[in-house]
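# Coordinate inspection notes
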Amino acid sequence: MDNQPLIQPNLSHEKKATSMLDLLAIKAWFMPHRILLIVITLGSIAGLVNNLSWYWIPEYQDAILEGLWRTLILLVTSFITGFLIAIPIGLVQVTGPSFLAKLALSFCTLIRGTPLLLQIWLLYYGVGSIFPEIDWLRESFLWPYLTDAWPYAFIALTLSVAAYEGEIMRGAFAGVPKGELEAAKAFGMPPFKILSRIWLPRAIQRTLPVIGGEVILQLKATPLVATITLIDTYAVFSKIRQETYIVYEPLLLMTGIYLSLAGIIALLFHYLEKRNGAR
Amino acid sequence: MFIDYQSMSVWQLLAFEAPGWGGTLLSGLLLSLEIAILGFLFGLVIGFFGALGKLGKSIVCRDLWSCYTTVVRAIPELVLILLIYFALPNLLNSLLSLVGISNIEINGFIAGVLVISFVQGAYATEVVRSAMLAIPAGQIEAAHAFAMPKYKILYRISLPAMLPHALPGLSNLWLIATKDTALLAVVGFTELTLAARQAAGATKEQLLFLTVAGGLYLCISLVSDALFKYFIRRSNKGQIHG
């Protein structure tokens, strides 16, 4: 009870400071050159909307939304799966037996050292060309999946996330202060509980500032799946350009869509980081 | 002319002479490397000026550079390639026709270099900027105390002092540049990835050629990683590590 008055003024002081910062941030938008820049941007957007031809949008509206949906599904599923694989990949490099650590390291080097486009093609055209030669596979229930582009795109994107995030998780696991782990051990926690209660949450907390950027990088990688016949946002707009012979407009709208997606992701992670970030 | 690829051995397929596709792969590799090197260097130049602009006194300049780095880092490289490959020539031609100059064409090579330096510039700006911020203020102040003019401080103190801090980021950027060249395959430019795909398509040996191309990329990555590690160790010599 004694220390309550000590804490409370601190809290209110902090609150005041943040609201002051917010005020400053809002004020910063109204500096004269920024107003000019915003006006120029809005003006050029209005000019683009007015002067270019957008008659094709209603016709392709559904296709665009479907492509967008596919991009998002691919992004979310591949990132989550990849991240789940990245956790053990990072962990064994910090604490695992040396042969597993070496295996994880060479996996990361292999994936990070080659272009994603090549990996996608290698999986789809290369590995995919072996399957038809195996007879029993053609009759098995797996066959419809193996002839579809989805699994290849998903696996390639997932492996890429696993390798890049594995590297980040390695650093994050290694960066958790030793004292915290020792304290957990002193409380008699079994190793797995230390991992799930202390080590992993603290490591993920440390990666939060980076992960937003990584998700955006992954978003930027998803258009590559269009090269193996998957109809994502990028592929839909390529189709529109081929069918309508319009050069600029679809490209501009697509750029706008990717920009706003990246912006939303950045805001989302900014919010997450603000709520549970490490100081 | 019909060539029976099915009966050829791996080494015959990869031979440098005509029935083999090794020569195509190698020239693709060279093109990839050329584009990556040029793009990386131009990107560095952009990044250097970007960092100066972002750290400079002019708020307008700072905001404009921030816009550039934010926007470029948010758009997929593939979309940027399309924009520069298809939209830029049209735009340039319509501008140039106003002045009355005949049409120009942007070939795959120039477009590739443009895209990669444009993207690299945005990332390099951040790398160089944070490296410059990492220079101890005392060093710049000491230079000021010796009455060094601004540009002399820049190339005598800031640049050399910044380099050790920038090298790890630059090494990463170079690796990204080499991998980004593969994206030019999508617009039909025969660099290593597309060369491998063409060879694979002609010979029906998909796995072989794509794996070989992957191995070549991996070699580039490993060699440049080793080189950069050597330079980083060299530049860290005599530095105090806290």
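Notes on the structure follow.

Turning to the packing of helix α5 (residues 108-133) of chain B against helix α7 (residues 150-180) of chain B, a few remarks are in order. The relative placement of two packed helices comes down to the angle between their axes together with the axis-to-axis distance. Residues and elements named next belong to chain B. Between α5 and α7, whose axes approach to 8 Å, the crossing angle comes to 140 degrees. Judged by the angle between their axes, α5 and α7 are oblique. Between α5 and α7 the crossing geometry is right-handed. Counting all contacts with α5, which are made through Ile-116, Val-119, Gln-120, Tyr-123, Ala-124, Val-127, Val-128, Ala-131 and Met-132, the residues of α7 involved are Leu-154, Met-162, His-165, Ala-166, Gly-169, Leu-170, Leu-173, Ile-176, Ala-177 and Asp-180. When its residues are assigned to classes, the contact of α5 with α7 shows 15 nonpolar, three polar and one charged.

Let us look at the interface of chain B and chain A. Every contact between the two is made by 38 residues of chain B and, on the other side, 36 residues of chain A. Summed over both sides, the interface between chain B and chain A buries roughly 3,300 Å², with carbon and sulfur atoms accounting for 76% of that surface. Considering only the surface of chain B that becomes buried against chain A, B:Lys179, B:Leu207 and B:Leu210 emerge as the three largest contributors, covering 16% of it. Connecting chain B to chain A are two salt bridges. Linking B:Glu77 and A:Lys220 is a salt bridge whose minimum nitrogen-to-oxygen distance equals 3.6 Å.

So, on to the packing of helix α3 (residues 57-95) of chain A against helix α12 (residues 248-276) of chain A. Residue and element names in this part refer to chain A. Where α3 contacts α12, the two axes come as close as 13 Å, and the packing angle between them is 35 degrees. Here the hand of the crossing between α3 and α12 comes out right-handed. For the pair formed by α3 and α12, the contact residues are Ile-57, Ile-64, Leu-68, Thr-71, Leu-72 and Leu-75 on the first element and Leu-253, Ile-257, Tyr-258, Leu-261 and Ile-265 on the second. Across the contact of α3 with α12, the residue classes tally to ten nonpolar, one polar and no charged.

Residue and element names in this part refer to chain B. Using the criterion set out here, one finds eight salt bridges over all chains in the structure. Put simply, Asp-225 and Lys-229 hold a salt bridge, and the shortest N to O gap is 3.4 Å. Here Asp-225 pairs with Lys-229, and both are found in helix α9 (residues 206-235), just four residues apart, close to one helical turn. Among the residues examined, Asp-225 registers a relative accessible area of 27% and is labelled partly exposed.

Let us now look at the packing of aromatic side chains. All chains considered together, the criterion is met by eleven aromatic pairs over all chains. Each ring, one from A:Tyr124 and one from A:Tyr125, has its centre 5.0 Å from the other, and the planes form 75 degrees; the classification is edge-to-face. Look at A:Tyr124 and you get buried, because its relative accessible area is 19%. With a centroid separation of 5.6 Å and an interplanar angle of 70 degrees, the aromatic rings of B:Phe40 and B:Trp174 are classed as edge-to-face. Placement of the pair is B:Phe40 in helix α2 (residues 22-55) and B:Trp174 in helix α7, with a sequence separation of 134 residues. Of the residues examined, B:Phe40 reaches a relative accessible area of 11% and is grouped as buried. Residue B:Trp174 is classed as buried on the basis of its relative accessible area of 10%.

About the thresholds
Residues numbered from 1 in each chain as written. Chains lettered and ligands numbered in written order. Predicted model: local features only at pLDDT ≥ 70, side-chain atom pairs only at ≥ 80, totals over all residues. Heavy atoms only, no water. Axes fitted to C-alpha atoms, helices over the stretch in contact; angles between N-to-C directions. Helix = DSSP H or I, 4+ residues; strand = E, 2+ residues; numbered from the N terminus. Parallel < 35°, antiparallel > 145°, perpendicular 65-115°, else oblique. Left-handed = near helix turned anticlockwise from the far one by under 90°. Contact = heavy atoms within 4.5 Å. Nonpolar A, V, L, I, M, F, W, Y, C, P; charged D, E, K, R; others polar. Buried area = accessible area lost by both parts, 1.4 Å probe. Salt bridge = Lys/Arg side-chain N within 4 Å of Asp/Glu carboxyl O. Buried < 20%, exposed > 50% of the residue type's maximum accessible area, 1.4 Å probe, protein only. Phe/Tyr/Trp six-rings, centres within 6.5 Å; stacked < 30°, edge-to-face > 60°.

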